[in-house]
Amino acid sequence: MLKGIAASGGIAIGKAFIYQKSEAKVQRRTVQNIAAEQKRLDDAIDAAKRQLKAIYEKVKSELGEDKAEIFETHMFILDDPELIGGTKEKMQKENVNAEYALMSTAEKLAEIFKHMGNQYMAERATDILDASKRVINILEGNSNLSLSDIENPCIIVARDLAPSDTAKLDREKISGIVTETGGRTSHSAIIARSLGIPAVLGIDNATSYIKSGDLLIVDGYKGTVHINPDENLLKTYEAERKKDIEDKRLLLRYKDVESITADGKKVEINANVGGIEDVEEILKFGPDGIGLYRTEFLYMAKDELPSEEEQLAAYKSIVEKMKGKPVIIRTLDIGGDKDLPALGITKELNPFMGYRAIRLCLDRKDVFKTQLRALLRASAYGNLKIMFPMIANVQEVIRAKEILEECKVELARQGIEFNKNLKIGIMIEVPSAALISDILAKEVDFFSIGTNDLMQYTLAVDRMNQKVSYLYDFFDPAVLRLIKMTIDSAHKANKTVGMCGEMAGFVPLIPVLLGMGLDEFSMSPSSIISVRKLITGLKYSDCKLLADKILSMGSSDEIKKHLKAFKTSNYKI
Ligand code: PEP
Ligand code: MG
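In short, a report on the structure. Since we're looking at a predicted model, the values are computed, not measured.

Rules used throughout
- Residues numbered from 1 in each chain as written.
- Chains lettered and ligands numbered in written order.
- Predicted model: local features only at pLDDT ≥ 70, side-chain atom pairs only at ≥ 80, totals over all residues.
- Heavy atoms only, no water.
- Helix = DSSP H or I, 4+ residues; strand = E, 2+ residues; numbered from the N terminus.
- Rg over C-alpha atoms; globule rule 2.2 N^0.38 Å.
- Buried < 20%, exposed > 50% of the residue type's maximum accessible area, 1.4 Å probe, protein only.
- Contact = heavy atoms within 4.5 Å.
- Areas by Shrake-Rupley, 256 points an atom, 1.4 Å probe, with all protein chains shown as cover.
- Lys, Arg positive; Asp, Glu negative; His and termini not counted.
- Charge placed at Lys NZ, Arg CZ, Asp CG, Glu CD.
- Pairing = 2+ DSSP bridges.
- Axes fitted to C-alpha atoms, helices over the stretch in contact; angles between N-to-C directions.
- Near = heavy atom within 4 Å.
- Polar contact = N/O pair within 3.5 Å; in protein donor to acceptor, adjacent residues only side chain to side chain.
- Nonpolar A, V, L, I, M, F, W, Y, C, P; charged D, E, K, R; others polar.
- Donors = N, O, S within 2.8 Å, 3.2 Å for Na, K, Ca; no water.

Here's the deal with the overall build of the protein
Inference 1: Summing up its helical and strand segments, the protein has 23 helices and 16 strands in all.
Inference 2: A compact globule built from 573 residues would reach a C-alpha radius of gyration of about 25 Å, and the protein, at 25 Å, matches this within 12%.
Inference 3: Within the protein, the proportion of its 573 residues that are buried is 53%.
Inference 4: Considering only contacts within the protein whose residues lie at least 6 apart along the sequence, 69% involve residues at least 24 apart.
Inference 5: Here the protein displays about 25,500 Å² of accessible surface, and carbon together with sulfur accounts for 52% of that area.
Inference 6: Taken as two groups, the 81 positive and 84 negative side-chain charges of the protein have centres that lie 4 Å from each other.

In structure tokens, the structure reads:
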């Protein structure tokens with residue numbers, strides 16, 4: 001049994017599929033029979049083209065020709081005389097193996113493309129490397145490496161899954177996720193939860209212990225993975241999996257219940273969405289609204305930046321489907337663990353503290369204005385609110401609002417409709433913002449507390465690093481105090497305050513957050529009904545006393561101990 005971080009609840013039982021992005025250095029070997037080696041290369045190229053053709057056909061029929069085009073481009077690349085001719089020449093000249101010659105020729109060509117000073121050519125550099133890696137994987141005997149090649153339902157085991165990889169996962173084919181890196185609030189974990197895929201992250205060397213084809217049990221509640229379990233354990237877990245599905249089904253009766261405590265305090269229980277989920281699926285859980293729409297996945301889905309019209313279509317569709325319920329759409333929050341090659345951001349030493357989110361948008365006014373115009377236009381079709389991420393000081397809010405005003409003036413001049421009373425909010429996720437929340441509250445209509453980042457910045461603990469994940473503690477008193485400070489500042493200015501970080505759906509702390517006065521809880525859609533069940537059974541008056549008590553405590557151990565007692569005496573989870 002392996003132990004990791006319980007990142008997405010649920011039980012998965014299935015065969016392992018080791019997904020390796022071939023980042024390991026290709027070995028150089030001396031080869032005597034070059035003719036045979038060249039034949040090996042030709043065969044691998046043919047096999048790669050067959051794979052690409054199959055993927056092309058499938059993507060074309062399922063997602064359309066434009067999405068499939070990239071695989072056709074990769075097929076052309078594998079016919080390119082500079083790449084393939086150059087590789088063969090290198091093999092001949094240096095008596096080296098095919099994978100080494102191909103890798104070095106591809107890298108050289110990619111470098112040339114990258115420095116042509118043109119975005120389009122720079123993207124082709126990635127394509128050259130991707131297409132060549134496919135051939136190298138085949139040469140190295142790893143024929144089944146691409147996520148889009150997965151045919152049978154399986155459990156993905158990977159060293160690392162980028163949020164863009166996770167966003168592409170097909171829930172029908174992937175029943176569980178196991179990775180070596182990542183924490184509970186890494187974006188891969190967040191997406192896994194919103195897709196309802198059980199996940200255990202942060203297991204050191206998982207890809208060495210587990211082989212493709214091993215039978216695995218992934219327990220996303222306990223954070224455990226069993227490899228090739230015996231009959232008894234398998235039976236126990238099969239029963240547990242059935243019970244888990246049944247429990248979730250039973251909870252559905254809380255779908256249409258009002259979000260109100262036993263003593264009459266109304267709150268909003270909203271959904272966090274990544275724009276990749278099916279809104280119909282989300283509606284099954286009966287959210288009161290959408291508390292966070294992470295727009296970056298819309299940007300990450302394509303090689304080029306989405307146009308104003310494309311964005312308008314996405315935002316309009318979601319507000320219409322929510323039929324007047326509030327939809328908080330967050331402006332682009334790229335950076336950190338979310339990369340967007342189309343923006344050409346250079347690698348940074350501290351990406352979470354670097355050029356990201358509002359900082360990038362205020363710098364790239366062109367990108368920002370396209371999004372703001374699309375959001376304003378979509379606001380004419382439903383209850384849309386705009387939220388700015390990663391605010392660190394008041395000037396950023398003022399500047400963002402100025403640019404928004406510019407867009408409003410332009411649209412009005414063009415006679416294009418938008419909601420003139422559109423509500424503007426900011427995320428409180430940098431400690432400086434919590435500390436000046438009284439000042440910020442005057443500038444906006446609402447706050448939403450982003451605990452995922454607020455915790456990492458307050459405690460100086462990288463949310464992606466499992467080695468320090470013990471510090472990433474939801475019960476930490478420092479973070480709870482910043483939350484209370486933020487809630488009080490908002491209320492003093494008569495503004496509402498929500499939370500869209502993962503803490504908002506963390507059951508043991510919900511009575512405390514409720515007692516502190518939080519107005520809105522936004523979480524992964526699948527948590528909504530259990531949280532609603534909990535809240536309807538709580539008394540706000542009890543929770544206020546509880547929150548006061550918790551805020552007087554100095555250590556997370558003390559807080560946990562006290563909450564355990566509260567839990568048993570007042571409600572059942
Ligand atoms: C947060 O930081 O809590 C948040 C909701 O934003 P993200 O997880 O996308 O950084
Ligand atoms: Mg954040």
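Let's talk about the sheet that holds strand 1 (residues 2-3)
Inference 1: If you trace the 8 strands from one edge of the open sheet to the other, you get 1-8-7-3-4-5-6-2, paired in mixed fashion. Sheet topology places strand 1 and strand 2 (5-8) at the edges, where each strand pairs with a single neighbour.
Inference 2: Bridge count for strand 5 (residues 174-179) against strand 6 (residues 199-201) is 2 bridges, and the pairing is parallel. If you follow Ile177 over to strand 6, its bridge partner there is Ala199.
Inference 3: Lying on the sheet, helix 7 (residues 187-195) is in contact with strand 2, strand 5 and strand 6; it crosses strand 2 at an angle near 50 degrees.
Inference 4: Packing against the sheet, helix 9 (residues 231-251) makes contact with strand 3 (11-19), strand 7 (215-219) and strand 8 (224-227), and its axis sits at approximately 110 degrees to strand 3.

Structural notes on the site of ligand 1
Inference 1: Around ligand 1 there are 17 residues in total, and His187, Arg294, Arg330, Asn452 and Arg463 lie nearest to it.
Inference 2: Here Arg294 contributes a side-chain N or O atom positioned 2.8 Å from an oxygen atom of ligand 1.
Inference 3: Glu429 places a side-chain nitrogen or oxygen 2.9 Å from an oxygen atom of ligand 1.
Inference 4: Calculation on ligand 1 without its partners gives an accessible area of 290 Å², and the protein chains cover 100% of this total.
Inference 5: Of all the secondary structure elements, the ones that give two or more residues to the shell around ligand 1 are helix 7, strand 10 (290-294) and helix 18 (451-458).
Inference 6: Of the residues that constitute the shell around ligand 1, the class distribution is 4 nonpolar, 5 polar and 8 charged.

Considerations on the side chain of Thr105
Inference 1: Inspection of the secondary structure assignment puts Thr105 in helix 4 (residues 98-114).
Inference 2: Those residues within four positions of Thr105 in sequence are excluded, and the remaining contacts are Glu82, Leu83, Gly86, Thr87 and Lys90.

Let's talk about the coordination of the magnesium ion (ligand 2)
Inference 1: Around the magnesium ion (ligand 2), the donor atoms from the protein are Glu429 (OE) and Asp453 (OD), and they sit 2.0 to 2.1 Å away. Highlighted residues: Glu429 in the loop between strand 13 (423-428) and helix 16 (431-435) and Asp453 in helix 18, separated in sequence by 24 residues.

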